[in-house]
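Structural overview
The chain contents come next:
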Amino acid sequence: MSGNRAVAAVEAVWRIEAGRLIAGLSGLVRDVGLAEELAQDALVAALEQWPTSGVPRNAGAWLMAVGKRRAIDHIRRSQNLDRKYAQLAHTLDETEELPEVGAIEDDLLRLVFTACHPVLSTEARAALTLRMLGGLKTEEIARAFLVSEATVAQRIVRAKRVLAKADVPFEVPSGAELAPRLASVLEVVYLIFNEGYSATAGDDWMRPELCADALRLGRVLAELMPREPEVHGLVALLEIQASRQRARTTADGTPVLLLDQDRSRWDQIHIRRGLAALERAEGLAPRGPYTLQAALAACHARARTAAETDWARIAALYEELAAARPSPVVELNRAVALSMAEGPQAGLDLVDLLVDDPALRNYHLLPSVRGDLLAKLGRPAEARVEFERAAELTRNARERALLLDRAAACGA
């Protein structure tokens, strides 16, 4: 096998197996930082050996075998042999299969909750999750979030240090602790997807690779926690949102707003998966925030044309969502739905109640929505001011250009 092909194969295997490999090793050494180092050692060994020996039949088992041997060497060096060596004495050779699937999946779930532990900052949780569970390199994470590699590396190192200092147990929380910890996990996956779906900064409107990473994490989580309705609700939301990706920009990358999109370009496979996940979520328990957002997305997915959208139902769902998770952003979205269901003045009346909310002071979508409603009401001069303010607030170049175009369309 040529060197380039072997390196590509190693990278592909790593992307698939990194989470399970680190999880399995974490289950053995009970230290996620050490487990990642051992997994990286296995990756280096693959890069050294696979170009000449070829990719093993069971590449995941090969990596786990190397990682286990490195774990044994580490424990020998640290002189903890008596207590721990017995746990690791059974090593895998290159022809053996991976450990029992259930055990690895249990460890994978423990790793998810450890990497997303609320003792870490949101940014650190996202970076650590993408590194350990998504198999992304430091430079890939840095590129996705438009920060330097040094910043991402520092976040990851600091996160491991914080987890070790706080003595965070490698376990799945139970009882009353599960719900808030699960909310932290779902928040991280949602944050990763949103950064890919509507990039907060830079020249690109979307980063599809980041959406794909988040969706893959969500699907894994749904397999690991099949009885948790909000896990399926989040997956449903991500699937339906992901279905629109091809229609959200023109060939040159210019953004296309939802109501202007060519719905024939929406991915029906994603939509079917999303609707199935939504049905599963709604069948498990009362609707939580992610399930409600998925139900909102489903209203758009089921409408064959923009004109067929059930805006009255969308407004009602936003009202339910506001009761479940009060937020000025939810109220802003409800204002848009009301404007479509009852007319722009109804929407503007609600938006005007939000203009002094401190949480929305620098949120570019507030003046953007207000500008749109003013334009529909025949007040172009006021609309232009709002669009220009929105353009000043956004950090995304594509969105800024769109807003300035809308401002110009309002006339002098």
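Scroll up a little and you will see the structure.
So, here's what we can say about the structure. (Residues numbered from 1 in each chain as written. Predicted model: local features only at pLDDT ≥ 70, side-chain atom pairs only at ≥ 80, totals over all residues. Heavy atoms only, no water.)

Helix and strand counts for the protein stand at 19 helices and two strands. For the protein, with 412 residues in total, the buried portion stands at 51%. Across the protein, the fraction of contacts at a sequence separation of at least 24, relative to all contacts at a separation of at least 6, is 65%. With the model as given, the accessible surface of the protein reaches about 19,500 Å², and the carbon-plus-sulfur share is 51%. (Helix = DSSP H or I, 4+ residues; strand = E, 2+ residues; numbered from the N terminus. Buried < 20%, exposed > 50% of the residue type's maximum accessible area, 1.4 Å probe, protein only. Contact = heavy atoms within 4.5 Å. Areas by Shrake-Rupley, 256 points an atom, 1.4 Å probe, with all protein chains shown as cover.)

Mapped onto the secondary structure, T138 falls in helix α7 (residues 138–145). Here R131 takes part through its side chain, which lies 2.9 Å from a polar atom of the side chain of T138. Beyond its immediate sequence surroundings of up to four residues, T138 is in contact with R131, E149, V152 and A153. (Polar contact = N/O pair within 3.5 Å; in protein donor to acceptor, adjacent residues only side chain to side chain.)

All right, on to helix α16 (residues 344–352) then. Along α16, the positions that sit buried rather than exposed are G347, L348, L350 and V351. Along α16, the residues classed as buried sweep out an arc of 165 degrees about the axis, all on the same side. (Arc of directions from axis to C-beta.)

On to helix α17 (residues 365–376). Taking 1.5 Å per residue as the helical rise, α17 with its twelve residues ought to reach 16 Å, and the 16 Å between its terminal C-alpha atoms agrees with that figure. With nine of its twelve residues buried, α17 lies for the most part within the structure. Every buried residue belonging to α17 is among L366, P367, S368, V369, R370, G371, D372, L373 and L374, and all of these are buried. The inward-facing, buried residues of α17 abut α15 (328–342), α16, α18 (380–393) and α19 (397–409). (Expected span 1.5 Å × (residues − 1).)

For D167, which is not glycine, the phi dihedral falls at a positive 55 degrees. In this structure, D167 sits in the loop between α8 (149–165) and α9 (178–197).

Moving on, we come to the packing of α9 against helix α10 (residues 208–224). It is the contact of α9 with α10, at a shortest axis distance of 6 Å, that shows an interaxial angle of 155 degrees. Taken together, the axes of α9 and α10 lie roughly antiparallel to each other. Handedness of the crossing formed by α9 with α10: left-handed. Counting all contacts with α9, which are made through V185, L186, V189, I192, F193, E195, G196 and Y197, the residues of α10 involved are P208, L210, C211, A214, L217, G218 and L221. (Axes fitted to C-alpha atoms, helices over the stretch in contact; angles between N-to-C directions. Parallel < 35°, antiparallel > 145°, perpendicular 65-115°, else oblique. Left-handed = near helix turned anticlockwise from the far one by under 90°.)

Below, the discussion takes up the packing of helix α6 (residues 122–132) against α8. For the pair α6 and α8, the least separation of the axes is 9 Å and the interaxial angle reads 100 degrees. Between α6 and α8, the interaxial angle falls into the category roughly perpendicular. Across the interface between the two elements, E123, A124, A127, L128, R131 and M132 of α6 pack against R155, I156, A159, K160 and L163 of α8. Considering only residue class, the contact of α6 with α8 consists of seven nonpolar, no polar and four charged. (Nonpolar A, V, L, I, M, F, W, Y, C, P; charged D, E, K, R; others polar.)

Now for the nonpolar core. If you look at the biggest cluster of nonpolar residues, it comprises 87 residues, and the most contacted ones within it are L25, L111, L128, I141, I192, L221 and M225. Once you skip the residues sitting within four places of it in the chain, L25 turns out to touch R30, A35, L38, A39, M64, G67 and K68. By size, the runner-up hydrophobic cluster in this structure holds 32 residues, among which are C299, W311, L366 and A391. (Core = buried A, V, L, I, M, F, W, Y, C linked by side-chain atoms within 4.5 Å.)

Our focus in this paragraph is the environment of D106. Structurally, D106 is set in helix α5 (residues 101–115). Separated by 65 residues in the primary sequence, D106 and E171 place their C-alpha atoms 9.0 Å from one another.

Any functional reading would require information that these geometric values do not contain.
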